[in-house]
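# Close look at the chain arrangement
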Amino acid sequence: QVRLVESGGGEVQPGGSLRLSCAASGNILRLNSMDWYRQAPGKERELVATITSSGSTYYANSVKGRFTISRDNAKDTAYLQMNSLKPEDTAVYYCNANLVTGDYIAMNYWGKGTLVTVSS
C-alpha cells in the first residue's frame, strides 16, 4: 500500500528555519509531481509548492524567496526548506504526490501532515 510520511515539523521563532521531509513508500511504479500544501486553523488547504519529476518548481506568492522545494528521486523523498518563517506560516503541512502504482493506476496520495508553529 502506498503511503507518504511527513517529518520535520515543530515550533520555531519568527525568522527561523525548518526543513520538512516527505518520504513515499509502497507499491510505486513512478513518482510524478510532488507537492506541499498547508492548512491553517479555520482556513482552506492551500498549495505551497510543487516539484515535477524533472525538477521544475512552482511556489505560492506568499512563500516565494523564502521556501525551497527539492526532491531526491533515489529516495522517493521530497523536501521543503522553509526560511525566514513568519507567524502566518503556522499550519499543518501536508505532502501530496501524483504517482503511478504498480497496478498502473495514476493517483494522488496524501500524507497525514506535520504541524509547523511559528511564534515568539
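Structure report, in brief. Bear in mind the structure is a predicted one, so any value in this text is a computation, not a measurement.

## Describing the sheet that holds strand β8 (residues 77–82)
Pairing is antiparallel in the open sheet, where four strands are placed in the order β1-β3-β8-β7. Of all the strands in the sheet, the pair left with one neighbour each is β1 (3–7) and β7 (67–72). Averaged over all neighbouring strand pairs, the angle between strand axes comes to 15°, with direction disregarded. One ladder, built from six bridges, connects strand β3 (residues 18–25) with β8; its direction is antiparallel. Among the inter-strand pairings, leucine 18 is bridged to a residue of β8, identified as methionine 82.

## Looking at the state of the cysteines
Counted by the stated rule, this structure contains one disulfide. Between the sulfur of cysteine 22 and that of cysteine 95 lies a disulfide, 1.9 Å long from S to S. Residues cysteine 22 and cysteine 95 share a disulfide whose torsion about the S-S bond is about -80°; that sign makes it left-handed. Highlighted residues: cysteine 22 in strand β3 and cysteine 95 in strand β9 (residues 91–101), separated in sequence by 73 residues. Comparing cysteine 22 with cysteine 95 shows no difference in burial state: the two are buried.

## Looking at the pairing of β8
The buried fraction of β8 amounts to five of the six residues, a majority that puts the element mostly inside the structure. Pairing analysis gives six bridges linking β7 to β8, with the strands arranged antiparallel. Of the residues in β8, the one forming a bridge with isoleucine 69 is leucine 80. Joining the antiparallel neighbours β7 and β8 is a turn of four residues, in which aspartate 76 adopts a positive phi near 50°.

## Quick look at the environment of arginine 19
With respect to the helices and strands, the residue arginine 19 is situated in strand β3. You can call arginine 19 partly exposed: its relative accessible area is 48%. As a C-alpha pair, arginine 19 and isoleucine 69 span 50 residues in sequence and 9.7 Å in three-dimensional space. In this view, arginine 19 contacts Ser7, Gly8, Tyr79, Leu80 and Gln81; residues no more than four positions away in its chain are not counted.

Rules of the game
Residues numbered from 1 in each chain as written. Predicted model: local features only at pLDDT ≥ 70, side-chain atom pairs only at ≥ 80, totals over all residues. Heavy atoms only, no water. Pairing = 2+ DSSP bridges. Helix = DSSP H or I, 4+ residues; strand = E, 2+ residues; numbered from the N terminus. Axes fitted to C-alpha atoms, helices over the stretch in contact; angles between N-to-C directions. Disulfide = S-S within 2.5 Å. Buried < 20%, exposed > 50% of the residue type's maximum accessible area, 1.4 Å probe, protein only. Contact = heavy atoms within 4.5 Å.

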